[in-house]
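Inside the fold
Here are the chains, one letter per residue:
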Amino acid sequence: MVIVTKPDATSAQIDAIVKRIEGVGLEAQISTGEQRTVIGVIGDKTLLGDIPMESMSGVEKTMAITAPYKLACRQFRADPTVIAVNGTKIGGRKLAVMAGPCAVESTEQIVTIAQQVKKAGAEFIRGGAFKPRTGPYSFQGFGEEALKMLVAAKQETGLGIVTEVMTPNEVELVGEHTDIFQLGTRNMTNFYLLREVGRSKKPVILKRGMSATFEEWLLAAEYILSEGNPDVILCERGIRTFETHTRNTLDLNAVPVIHHLSHLPIVVDPSHGTGIRGLVSDMTKASVAAGADGLLLEVHHDPDNSMTGDGAQSLFPDQFQKLMQELKPIAIAVGREI
Ligand code: PEP
Ligand code: MN
């Protein structure tokens, strides 16, 4: 249940509401918005007894949350979630742009690409240190060494780091280096991993499982939120459909649907969503037009020699730079900036 307070509710009235909730052993989560405060009640609301919360001064109304993802749902917070990280904000008016290679291959590679994407206007360098490969014989990433290379790229450019974590016991190590954890499509339902990043203090990009419904995806986010980490960023990266021409089918319905269902920000990854370089720019523009809060893009200066198979979907740095310019008027048209 959520309790919506009146616009003129005083802090004493809000304190009294919280006291009543906590007094019966329930948890109160307060979300202070620009217009009003929303208090989420976690636990069995029958413990509040028969006297309706509406009878307390300062309360405008109560609403039952029928969605199974209580903390992730729209009603739970007064305003959309905005995540402050490395001097930037994700979920605000300005789009967050995260760009870089599929995998970190060398210090030289990651520093070079970081400099190029920074020049074009990105705020984060992405790159896998631990790679979730479909086959066991494919390049699995350079692990801890690659984390250090990402830190070198950050030191050189000031860009924040986005990198994937695959197992609960690597959360601590990856968290010592990264600014944002990425949880990949293959790990969306790795519930121990979701809980472990939920106990960390770093923001988490949660990619949509390749066959996950919106409800399953939001329930995965709920695992993270329920452990106390409020900073979840959803990422649409394409789903499996009958179509084989593209690597995946980028489901841009996700952007308005998630904005309707949840207060969490959503970014789009048109690189994995299409798998084809020549389609990435158009689908990035479509993502911005649809209202995405940010972009996750693969960019490589030498994609033909990339160590993962994702060179074919990586933009060249000059293509990325051109795209960033072309996105500006689209962002403005939908009330955003880039
Ligand atoms: C990636 O970002 O390189 C990646 C492996 O993504 P996904 O989990 O979406 O396949
Ligand atoms: Mn990739």
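Residues numbered from 1 in each chain as written. Chains lettered and ligands numbered in written order. Predicted model: local features only at pLDDT ≥ 70, side-chain atom pairs only at ≥ 80, totals over all residues. Heavy atoms only, no water.

The next thing to look at is the site of ligand 1. Neighbouring ligand 1 are 13 residues; R126, Q182, T185, K207 and R237 lie closest to it. Here R237 contributes a side-chain N or O atom positioned 2.7 Å from an oxygen atom of ligand 1. E298 places a polar side-chain atom, nitrogen or oxygen, 3.3 Å from an oxygen atom of ligand 1. Relative to its unbound accessible surface of 300 Å², ligand 1 loses 97% to contact with the protein. With respect to the pocket detection grid, ligand 1 is positioned in the largest pocket. Grouping the constituent residues of the shell around ligand 1 by class yields 2 nonpolar, 4 polar and 7 charged. (Near = heavy atom within 4 Å. Polar contact = N/O pair within 3.5 Å; in protein donor to acceptor, adjacent residues only side chain to side chain. Areas by Shrake-Rupley, 256 points an atom, 1.4 Å probe, with all protein chains shown as cover. 1 Å grid on protein atoms, 1.4 Å probe; cavity = no way out; pocket = protein on both sides within 12 Å on 5 of 7 lines; lining within 4 Å. Sits in = over half its atoms within 2 Å of the grid points. Nonpolar A, V, L, I, M, F, W, Y, C, P; charged D, E, K, R; others polar.)

Residues L206, L234 and F320 are the most contacted members of the largest nonpolar core, which totals 73 residues. Here the element with the most residues in this core is helix α6 (residues 214-226); it accounts for 7 residues. Other than its neighbours up to four places away in sequence, F320 contacts V97, A99, V117, A120, A122, L297, V299 and L315. One finds I17, I21, V41 and M56 within the second-largest nonpolar core, a separate group that totals 15 residues. (Core = buried A, V, L, I, M, F, W, Y, C linked by side-chain atoms within 4.5 Å. Buried < 20%, exposed > 50% of the residue type's maximum accessible area, 1.4 Å probe, protein only. Helix = DSSP H or I, 4+ residues; strand = E, 2+ residues; numbered from the N terminus. Contact = heavy atoms within 4.5 Å.)

Tallying each qualifying case throughout the model produces 3 aromatic pairs. Between F139 and F142, the ring centres sit 5.0 Å apart and the planes meet at 70°, which makes this aromatic pair edge-to-face. F142 gets classed as partly exposed once you look at its relative accessible area, which sits at 36%. (Phe/Tyr/Trp six-rings, centres within 6.5 Å; stacked < 30°, edge-to-face > 60°.)

An ideal rise of 1.5 Å per residue puts 18 Å on 13 residues; helix α1 (residues 11-23) measures up with 18 Å between its terminal C-alpha atoms. Where α1 is concerned, the buried positions are I14, I17, V18 and I21. For α1, the angular spread of buried residues about the axis comes to 95°, placing them on one side. For α1, the exposed residues set more than 90 degrees away from the buried face come down to A12, D15, K19 and G23. If you follow the buried residues of α1, they end up packed against β1 (2-5), β2 (27-32), β3 (37-42) and β4 (59-63). Immediately downstream of α1, the backbone of G25 shows phi near 90°, a positive value. (Expected span 1.5 Å × (residues − 1). Arc of directions from axis to C-beta.)

Surrounding the manganese ion (ligand 2) are the protein donor atoms C102 (SG), H272 (NE2), E298 (OE) and D310 (OD), at 2.0 to 2.4 Å. Along the chain, the residues donating to the manganese ion (ligand 2) are arranged with the sequence spacing C-x169-H-x25-E-x11-D. Within this pair, whereas E298 is found in strand β14 (residues 294-298), its partner D310 is found in the loop between β14 and α10 (317-333), the two being separated by 12 residues in sequence. D310 matches E298 in its accessibility class, with the two residues each being buried. (Donors = N, O, S within 2.8 Å, 3.2 Å for Na, K, Ca; no water.)

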